[in-house]
Amino acid sequence: MEYIILDNEWHTPYCKINGKCINELIEIGAVKLDENLNEISRFSVLIKSTFTKKLSTRFQRLTNITTEEMLQNGMTFDQAVNLYCEWAGKDAVTMTWSNSDLYVLLENFRFRRKINTVPMIGKYLDLQKYVQNEMILKGSKITSQVSVSNMAIMLGMSIDGIGLHRALDDSLLCAEMLRKVYNKERLHSYIIDTSVPDYYARLTFKAYIIRDLNSPLVNKKKMDFKCEKCGRDAKRMTPWSFKGNYFKAEFSCNCGNKFVGRVAFKKYYDKVVVKHNTVPIPATVKKVEKSDKPLEEAQN
Ligand SMILES: [Zn+2]
């Protein structure tokens, strides 16, 4: 089995056709490794922007890619992708540092080729997830996503002299990090097949809270409440209202117990998750307007 560590650089010019900014791929860099993590070959190409003739100063500073270099050496997106696919072959496991590269690649394929897949990736692995979990197994306390350069520092590697953020350099650095924490069996348990039909639909699905009580996704049976004091069915006393992600209503039980029942429905790609809980009825505070006269005075 061969591994490819892929890294991409992109910028975000305004796209008139879409009426919004697009993450346009500018550089693809990658290194191919054998199963013992020995380097087999390297890949690096620049893509010429179709939106701008000049790269932003910030992008040039971050990536060390200059406008002149892009204009001189940049090829079209299709040329770059075809070259990459020829180099990569079909069976390698592709890794990227976090799956944000996948989203950007998908955005580019959608825009350029009107397809909802990334044909240059088959078997895929999120290297950041793997390396972070290896570090956690070793006792590191990692609670958020760690950047490539910070992880290199955590692993005691020198990052001096490495043109960080240049795509190929980043992929070489990732290869070095992988060598430090490589456990073949555990690594393989992270491999995902992106060629399954709904992989990208699932990846890009944004979970949302259902706000419409009449939505077919709302299971009305989940809106019944039992009294927590005596276990009998409680009766709803007010209409449902929606606030703070929850449908809420006041409930009352024959035993005298009263409470607010709250239900939230969250839609994920292939399921609806229901949250169901109760809170005490808030005490109603009677507001006394300043203009109101004290009771005694009114009686006089
Ligand atoms: Zn009760």
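Residues numbered from 1 in each chain as written. Predicted model: local features only at pLDDT ≥ 70, side-chain atom pairs only at ≥ 80, totals over all residues.

Another point: the overall build of the protein chain. Within the protein chain, the secondary structure is distributed over 10 helices and 14 strands. C-alpha atoms of the protein chain, sized along the principal axes, occupy 95 × 45 × 40 Å. Going through the 300 residues of the protein chain one by one, you find that 25% of them count as buried. Contacts in the protein chain between residues at least 24 apart in sequence constitute 58% of all its contacts with a sequence separation of at least 6. (Helix = DSSP H or I, 4+ residues; strand = E, 2+ residues; numbered from the N terminus. Buried ≥ 20, exposed ≤ 12 C-beta atoms within 10 Å, placed from the backbone. Contact = placed C-beta atoms within 7 Å.)

Let's shift gears to the confidence of the model for the protein chain. A residue-level look at the protein chain finds 93% of positions with pLDDT of 70 or above and a mean pLDDT of 92. This model gives residues 291-300 a pLDDT under 50, and the stretch forms 1 contact once residues within four places in sequence are excluded. (pLDDT = per-residue confidence, 0-100.)

What follows concerns unusual backbone geometry. Despite not being glycine, Ser-98 has its phi angle at roughly 75°, a positive value. Taking the number of C-beta atoms within 10 Å as the measure of exposure, Ser-98 has 16 and is therefore partly exposed. The backbone phi angle of Asn-245 is positive, close to 75°, even though this residue is not glycine. Take Asn-245: it is sitting in the loop between β11 (241-243) and β12 (246-252). Given 13 C-beta atoms within a 10 Å radius, Asn-245 is considered partly exposed.

Let us look at the domain arrangement of the protein chain. With domains assigned, the protein chain is organised as domain 1 (3-204) and domain 2 (208-279). Averaged C-alpha coordinates put domain 1 and domain 2 at centres separated by 44 Å. (Domains from an automatic or database assignment.)

Let us now look at the sheet that holds strand β8 (residues 192-193). If you trace the 6 strands from one edge of the open sheet to the other, you get β5-β4-β1-β6-β7-β8, paired in mixed fashion. Each edge of the open sheet is held by one strand with a lone partner, namely β5 (39-46) and β8. Where strand β4 (residues 24-33) lies against β5, 7 bridges are found, and the strand directions are antiparallel. Across the sheet, the residue bridging to Ile-28 is Val-45, located in β5. Helix-sheet contacts for helix α3 (residues 77-88) involve β1 (3-11), β4 and β5, and the interaxial angle to β5 is about 175°. Docked against the sheet, helix α4 (residues 100-113) engages β1, β4 and β6 (93-96), running at close to 65° with respect to β1. (Pairing = 2+ DSSP bridges. Axes fitted to C-alpha atoms, helices over the stretch in contact; angles between N-to-C directions.)

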